[in-house]
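# Architecture at a glance
So you can see what is in the structure, the chains are spelled out below.
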Amino acid sequence: MKNIPGILSAVTIFAATPLLAEPQSFDFDDPKGVNSISFTLDAPLEQINGSGKGVTGTVTYDPENPEATSGTIVIATDSLTVTNDTMRDHMLGDGWLHAEKYPEISFVAQSMSEVEATDQGIRAQLTGDFSLKGVTQTITVPVTLTYLPDMLGARTNGRAEGDLLVIRSNFTINRSEYGIKPGKNTDKVAEEIELRLAIAGAAPDA
Amino acid sequence: MSAQIYFEAAARVMNTLIFLGLLETKRPKNSQFVGVLPKLCNDRSMSKIRAQSAFGRSLCRGLQLAGLILILGSVGYWMMTGAHTGFSKNRVEVAKIDPITQIEYVDYEERFVPGIEFLSAGTVAGLGLLAVGFFFARK
């Protein structure tokens, strides 16, 4: 009878271990409006800066096996905004992104390579299908994954408990490769689009 | 650096006003210089360039003054709001950091920042008024 607490502890640890090792699904729908993708087009006559906050999607992540990370991140095209309303209307119009016809920009993760642990978390090269304006290209981008166990409560003021996963990635695409006015207006709209992704997903405790 | 730019801009404005005759300044007693606008509007020795009446002279001066104010106002407002060389902004980016995740994100503050097309429009409109003023002066 004296060993019952010890046995219970051992059972608890034994039962919890497989749970911790299981991959978790992180939801990137962020009501706080922090999740966003920023973009910069640095042309000779005009630098265009903007961002998009309509981020959704789920990513499955296992801290014990980050190479197995998979998932999809989606950005609503009409959530993209710049500092000038007229420019935004042009950007979302049929001449450029055609947000009405192509309402989503997405990245579907396929595989992860060159995984290394750093102070900030896991740094790796993530290969996946990036879709923009109806064109899908397989690209490889550098990512940093920061796993924050038990931090969801701090972010939701205690309304929900669980873990957070922060994904950061900076990469560049060429608009011509996605059929966005290839070779046109390059003096004011740069060919290269610098993208900066910084998003946090939540995995509430069941 | 910016103070020097403002000082130089102010000095140029003063010189322009003196040159146009809209600002009185100390000058040698025997100097005949009274400024460009008074000369164009009032000098009756000029057979072609003169105002015919007090109303004409007032209109001439008024339009030229309005044009000048428009130009200086546009340049001044543009410089005071940051001399933004791109297109005008309806909103301004504000960088923020989420305290929990340390994510840097962009929020927007609804504020008008005049751009290069605002400056151009103000200057062109001001020059237009100046030109109309000179046109009346020649009538």
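Residues numbered from 1 in each chain as written. Chains lettered and ligands numbered in written order. Predicted model: local features only at pLDDT ≥ 70, side-chain atom pairs only at ≥ 80, totals over all residues. Heavy atoms only, no water.

### Overview of unusual backbone geometry
Glycine aside, residues mostly have negative phi angles, and peptide bonds mostly take the trans form. Residues and elements named next belong to chain A. With a phi close to 40 degrees, Lys 181 is a non-glycine residue in the positive phi region. Mapping Lys 181 onto the fold places it in the loop between strand S10 (162-174) and strand S11 (192-204). For Asn 185, which is not glycine, the phi dihedral falls at a positive 55 degrees. Considering the arrangement of structural elements, one finds Asn 185 in the loop between S10 and S11. (Helix = DSSP H or I, 4+ residues; strand = E, 2+ residues; numbered from the N terminus.)

### Some points on the pairing of strand S4 (residues 55-61) of chain A
Residue and element names in this part refer to chain A. Only one face of S4 is buried, namely the one carrying Val 55, Gly 57, Val 59 and Tyr 61, since none of Thr 56, Thr 58 and Thr 60 on the opposite face is buried. Across 4 bridges, the pairing between strand S1 (residues 24-27) and S4 is antiparallel. Considered in S4, the bridge of Phe 26 is made with Val 59. Note: S4 against strand S5 (residues 70-76), 6 bridges, orientation antiparallel. Considered in S5, the bridge of Thr 58 is made with Thr 72. (Buried < 20%, exposed > 50% of the residue type's maximum accessible area, 1.4 Å probe, protein only. Pairing = 2+ DSSP bridges.)

### Structural notes on the confidence of the model for chain A
All names here are of chain A. Summing up the model confidence of chain A, the mean pLDDT is 88 and the portion of residues at 70 or higher is 90%. Model confidence for chain A, summarised as mean pLDDT per element, is weakest for helix H1 (residues 4-21) at 47 and strongest for S5 at 96. Note that residues 7-19 has pLDDT below 50 and, in this model, 0 contacts with residues that lie over four places away or in other chains. (pLDDT = per-residue confidence, 0-100. Contact = heavy atoms within 4.5 Å.)

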